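# Report on the structure
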Amino acid sequence: MTASLRRFASVAVLPLAMVCGAANAQVCQGKAFIDSVYQTGLGGNSYEYHIQIRNGNPEPVKVTLSFRQFPKEISLFSADLPNVDLGAYGSRTLKFGKGTNGNINMNTVKIGYDTTPGGTGATATMSRCVN
């Protein structure tokens, strides 16, 4: 291989490697969505907490959901739900906790993609989206 051909190959391969690396990143923003966070009443002062998620793409995806800084009246089943399957253009509703707080909704829970939203208060984050 001549020196000029080697130089051309190295210049052409580097951007291609960078693009492939970006394509393999496990970014959720724009790929999958948190449509809703809400509570349902069980009677009296008892509630279950749900999150509805959606895949906006024609390929199945696995996501990780994380729940942080929820009030002490809420018992989370798990702070992290890894590898939640979403079919192509599919959606799911998952129960993530129980408690006595009747004010869990999209106005009181901050939603984040790929990183936890800053500040104080309850957060639900979607990350690690893998096709």
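Scroll up for the structure.
An account of the accompanying structure is given in this report. The structure presented is a predicted model; accordingly, all values stated were derived computationally and were not measured.

Within the protein one finds one helix and eight strands. Its helices and strands in sequence order give the protein the pattern α-β-β-β-β-β-β-β-β, from N to C terminus. The buried share of the protein, reckoned over its 131 residues, is 31%. At a minimum sequence separation of 6, the contacts of the protein that also span at least 24 residues come to 61%. Only carbon and sulfur atoms are counted for the fraction: they give 56% of the accessible area of the protein, which is about 7600 Å².

A separate point is the pairing of strand β3 (residues 61-68). Taking burial as the measure, the eight residues of β3 include six buried ones, the bulk of the element. Inspection of the sheet shows β3 paired to strand β5 (residues 80-86) by five bridges, in the antiparallel sense. Residue Val61 lies in a different strand from β5, and its bridge partner there is Leu86. Bridge count for β3 against strand β8 (residues 123-130) is six bridges, and the pairing is antiparallel. Bridge pairing in β8 places Lys62 opposite Val130.

Next up on the list: the sheet that holds strand β2 (residues 46-55). Spatially, the four strands line up as an open sheet ordered β1-β2-β6-β4, and their pairing is antiparallel. The sheet is open, and its two borders are formed by β1 (32-43) and β4 (74-76), each paired with just one other strand. Neighbour to neighbour, the strand axes of the sheet diverge by 30° on average, direction disregarded.

Further remarks concern the nonpolar core. It is characteristic of soluble globular proteins that their nonpolar side chains tend to be buried jointly. In this structure, Ile51, Ile53, Val63, Leu65, Phe70 and Met126 are the most contacted members of the largest nonpolar core, which totals 24 residues. Listed by contribution, the elements that provide at least two residues to this core are β1, β2, β3, β5, β6 (91-99) and β8. Once residues within four sequence positions are removed from consideration, Val63 is found in contact with Ala32, Ile53, Leu81, Pro82, Asn83, Val84, Leu86, Met126, Ser127, Arg128 and Cys129.

Turning our eyes to something else, we now look at the environment of Thr123. Inspection of the secondary structure assignment puts Thr123 in strand β8. Look at Thr123 and you get buried, because its relative accessible area is 0%. Taking the C-alpha atoms as reference points, Thr123 and Gly112, separated by 11 residues in sequence, lie 7.3 Å from one another.

The next point concerns the side chain of His50. Along the chain, His50 falls in strand β2. Side chain to side chain, His50 and Thr40 meet in a polar contact 3.2 Å long. Discounting chain neighbours no more than four positions away, the residues touching His50 are Ser36, Val37, Tyr38, Thr40, Thr93, Leu94, Lys95 and Phe96.

How each quantity is defined
Residues numbered from 1 in each chain as written. Predicted model: local features only at pLDDT ≥ 70, side-chain atom pairs only at ≥ 80, totals over all residues. Heavy atoms only, no water. Helix = DSSP H or I, 4+ residues; strand = E, 2+ residues; numbered from the N terminus. Buried < 20%, exposed > 50% of the residue type's maximum accessible area, 1.4 Å probe, protein only. Contact = heavy atoms within 4.5 Å. Areas by Shrake-Rupley, 256 points an atom, 1.4 Å probe, with all protein chains shown as cover. Pairing = 2+ DSSP bridges. Axes fitted to C-alpha atoms, helices over the stretch in contact; angles between N-to-C directions. Core = buried A, V, L, I, M, F, W, Y, C linked by side-chain atoms within 4.5 Å. Polar contact = N/O pair within 3.5 Å; in protein donor to acceptor, adjacent residues only side chain to side chain.

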